[in-house]
Every structure is written in C-alpha cells, then in structure tokens.
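# Working through the structure, step by step
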Amino acid sequence: MIAVSTLLALAMAVTADGPPILQPGAPGEPTREISAERSRALSQTRHTAADTRFMQHMIVHHQQAVDMVALIEGRTSNPSIIAIGGRIARSQDDEIALMRDWLIRRGEAQEADDLHEHHGAGGHDHHHAHHGHHASDDPDDVPLMTGMLSVNQMRALAAAEGGEFDRLFLEGMIHHHEGALIMVDELLEHPGAAEDIIMSDFTGHIVADQMAEILRMQNLLRDLPPAEEREAEPHSHHHHHHH
C-alpha cells in the first residue's frame, strides 16, 4: 500500500494547482482518470518559458561559432583547425535549423526580446559578426551571453593569422563550447525545463557533443608550436588582411 499512497500523494501534488488528471477516452470510451506518472509522460510535450528562452539564445550562441569558423579561410592552413572547424560549422548549422523548427512549431518567436537590451538597439541579429561599426555606446568588450566572444575578441580573431589565429580560434571555441554547457546547466535549474522530448534529447546531445569537441580542441591547443617557434617560421610575409 505504500506505493499506492505515494502515487496518490504524487497525484495530489500534480493536481494541486490544476484540474484533476482526466484523460479523454478514445471514441466510444469514457474519460478516465490516469496515474500521475502517465500524466507526467503526456505533459512532456509541453514546454516552458525557460525552454523557449534557451532555444532563442542558443541560436545566437551557435551562430557565433559558425561566424568564427567562417574566419578560418585565408587565415590558417592548419589542417586540424580546418577539419574541426568544418565539423563544428556543420553540427551548429544543423542544430540552429532544429532550434528554429522547434520554436516555429510551438508558435514562439525565433529571437528573444531580451537579447539586445544592453546594446541599446534591437532588430539586427548579425551585428556580432560585423567589424565595421564603431558606435561609441556599443559595449564591444561585453559578450552578448555566457561563453560568447565580445565584438572586440571577434575583431582580434579576424585580424590574426597563422599560428596566432589557430591559438585564438581554439581558445575562443573552447570558451564558447563551455558557455553552451553552462547554458544547459542553467536551463536545467528551472523546474519543469527540458522535459519536452525534443528539448531533452537536444540538451543531452549538446552536452555530449560539446564536451567531446572541447577535449579534441584542448589536445590541438596543446600540440600548437610555442609562440617563439611560430615567429621563427617564414609566415610573417602574410600581411594582407582577408575579409
């Protein structure tokens, strides 16, 4: 009887601020009361405001990784960086498409309304990839969110080449991926967050994927030649800047 009373207590907890747990019957069958466990399973298709905000923010977060990878061309010939960059861009592009689809199917906006608050102007979602505007009120040293590079850090990456680019790219992308893991942790602190089946799979995928890539990038970073050796290499004639 302990199990039954536990179940009843759960059912009461679940119904405390909602209607009784009743499941409409199939055609010709009566509506029936269902267990708290069954009710919970059915409710997993619902999403929370925290889920929506997470998806909206993660799209912007992922987009910066794609922007960083786009800087590889013309700045480094390191095959390891080119390979991992390509892999990162593909996975982040796929996940951006998944997140947009998730938001659209749930009737949610694709852009968070709180995203540009400290930038003073909303509406344009590519400003972090542009290097040409110098508004004095733009906090170029403040990253938009956890783990993202600031506008100035993106400028430094865009201005680097060769071994210096490799180092800044790996350090920046490790920081970026760690930020995604923190965002997942913060999401899971919200009651009821990430119970939507797709959300649950997606956050699990982000954690596994980004942790594996962080390890791979830490190894690449360790294998980079020290700065003195790089300076001795005949790469310093590459002074032209690509855009």
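Reading the values: the criteria
Residues numbered from 1 in each chain as written. Predicted model: local features only at pLDDT ≥ 70, side-chain atom pairs only at ≥ 80, totals over all residues. Heavy atoms only, no water. Buried < 20%, exposed > 50% of the residue type's maximum accessible area, 1.4 Å probe, protein only. Helix = DSSP H or I, 4+ residues; strand = E, 2+ residues; numbered from the N terminus. Arc of directions from axis to C-beta. Axes fitted to C-alpha atoms, helices over the stretch in contact; angles between N-to-C directions. Parallel < 35°, antiparallel > 145°, perpendicular 65-115°, else oblique. Left-handed = near helix turned anticlockwise from the far one by under 90°. Contact = heavy atoms within 4.5 Å. pLDDT = per-residue confidence, 0-100. Phe/Tyr/Trp six-rings, centres within 6.5 Å; stacked < 30°, edge-to-face > 60°. Patch = residues over 30% accessible without salt bridge, like charges linked within 9 Å, V, L, I, M, F, W, Y side chains within 5 Å. Areas by Shrake-Rupley, 256 points an atom, 1.4 Å probe, with all protein chains shown as cover. Salt bridge = Lys/Arg side-chain N within 4 Å of Asp/Glu carboxyl O.

### Brief notes about helix H5 (residues 151-159)
The set of residues buried in H5 consists of Val 151, Met 154, Arg 155, Leu 157 and Ala 158. Each buried residue of H5 sits inside an arc of 160° when the element is viewed along its axis, so together they form one side.

### Quick word on the packing of helix H6 (residues 162-188) against helix H7 (residues 197-223)
To characterise two packed helices, one gives the angle between the axes of the helices and the distance between these axes. Interhelical geometry of H6 versus H7 gives an angle of 155° and a closest axis separation of 9 Å. Put simply, H6 runs roughly antiparallel to H7. Between H6 and H7 lies a crossing whose hand is left-handed. Judged by residue contacts, Arg 167, Leu 170, Glu 171, Met 173, Ile 174, His 177, Glu 178, Ala 180, Leu 181, Val 184 and Leu 187 of H6 engage Met 199, Thr 203, Ile 206, Val 207, Gln 210, Met 211, Glu 213, Ile 214, Met 217, Gln 218, Leu 220 and Leu 221 from H7.

### Here we look at the confidence of the model for the chain
When pLDDT is averaged along the chain, the result is 79, and 67% of the positions lie at 70 or above. Low pLDDT, under 50, characterises residues 118-136; the stretch is placed with 31 contacts to residues that sit more than four places away or in other chains.

### Considering the packing of aromatic side chains
The tally for this structure, following the rule as stated, stands at 1 aromatic pair. Relative to Phe 169, the ring of Phe 165 lies with its centre 5.8 Å away and its plane at 25°, an arrangement referred to as stacked. Residue Phe 165 and its partner Phe 169 are located together in helix H6, separated by 4 residues, close to a single helical turn. One exposure class covers both Phe 165 and Phe 169, and it is buried.

### A few points about a nonpolar patch on the surface
Taken together, the side chains of Leu 98, Ile 197 and Ile 198 make up a nonpolar region of the molecular surface, amounting to roughly 240 Å² of accessible area. With respect to the helices, strands and loops of the structure, Leu 98 is situated in helix H4 (residues 79-105). Assessed through its relative accessible area of 35%, Leu 98 is described here as partly exposed.

### Some thoughts on the environment of Ala 159
The topology assignment puts Ala 159 in helix H5. Between the alpha carbons of Ala 159 and Arg 75 there is a distance of 8.7 Å; along the sequence they are 84 residues apart.

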